[in-house]
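# Observations on the model geometry
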Amino acid sequence: MSTTRTTFTLDKELAAQAHRLSVNISAAARDGVADAVRRAMGEADRAAYLRAPETPDDFWDDAEAWGNE
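Everything quoted here is computed from the prediction, not taken from an experiment. (Residues numbered from 1 in each chain as written. Predicted model: local features only at pLDDT ≥ 70, side-chain atom pairs only at ≥ 80, totals over all residues. Heavy atoms only, no water.)

## Here's the deal with the pattern of salt bridges
What the rule picks out here adds up to two salt bridges. As a salt-bridge pair, Glu13 and Arg20 come within 3.2 Å of each other at their nearest N and O atoms. Across the salt bridge formed by Arg38 and Asp35, the nearest N and O atoms sit 2.3 Å from each other. One end of the pair, Arg38, and the other, Asp35, are both in helix 2 (residues 25-51), three residues apart, so they sit about a helical turn from each other. Using a relative accessible area of 37% as the deciding quantity, one classes Asp35 as partly exposed. (Salt bridge = Lys/Arg side-chain N within 4 Å of Asp/Glu carboxyl O. Helix = DSSP H or I, 4+ residues; strand = E, 2+ residues; numbered from the N terminus. Buried < 20%, exposed > 50% of the residue type's maximum accessible area, 1.4 Å probe, protein only.)

## Considering helix 2
Look at helix 2: 38 Å from first C-alpha to last across 27 residues, which is about the 39 Å you get at 1.5 Å a residue. The N-cap of helix 2, judged by a side-chain oxygen 3.1 Å from the amide nitrogen of Ser26 a few residues on, is Asn24. (Expected span 1.5 Å × (residues − 1). Polar contact = N/O pair within 3.5 Å; in protein donor to acceptor, adjacent residues only side chain to side chain.)

## Quick notes on the layout of surface pockets
Estimates place the volume of the largest pocket at around 440 Å³. In terms of lining residues, the largest pocket is bounded by Met1, Thr3, Thr4, Arg5, Thr6, Thr7, Phe8, Ile25, Ser26, Ala29, Arg30 and Val33. Class assignment for the residues of the lining of the largest pocket results in five nonpolar, five polar and two charged. (1 Å grid on protein atoms, 1.4 Å probe; cavity = no way out; pocket = protein on both sides within 12 Å on 5 of 7 lines; lining within 4 Å. Points joined across faces, edges and corners; volume = space filled by probe spheres on them. Nonpolar A, V, L, I, M, F, W, Y, C, P; charged D, E, K, R; others polar.)

## Let's talk about the confidence of the model for the protein
Looking at the protein, the pLDDT average stands at 91 and 93% of residues meet or exceed 70. Within the protein, no element has a lower average pLDDT than helix 3 (residues 58-67), which sits at 73, and none a higher one than helix 1 (residues 12-20), at 98. (pLDDT = per-residue confidence, 0-100.)

## Describing a nonpolar patch on the surface
On the surface, a nonpolar cluster with roughly 540 Å² of combined accessible area is contributed by Phe8, Leu10, Leu14, Leu21, Val23 and Ile25. A relative accessible area of 31% means that Ile25 is categorised as partly exposed. (Patch = residues over 30% accessible without salt bridge, like charges linked within 9 Å, V, L, I, M, F, W, Y side chains within 5 Å. Areas by Shrake-Rupley, 256 points an atom, 1.4 Å probe, with all protein chains shown as cover.)

Given below as structure tokens:
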């Protein structure tokens, strides 16, 4: 996996607490961004489904019947 550098702003007191507690800020940020991306992708998938929901397809009923013969 390749990585890229980025910067972000963090509340000064929160940064100080993280430092005192030995929180790896880079790892925490990476995990937080990954969670946010997964959540956003799920929301986008759900919105796409709501815009164009699946409909019954007679072809698949016939195809499944072929397998039962």
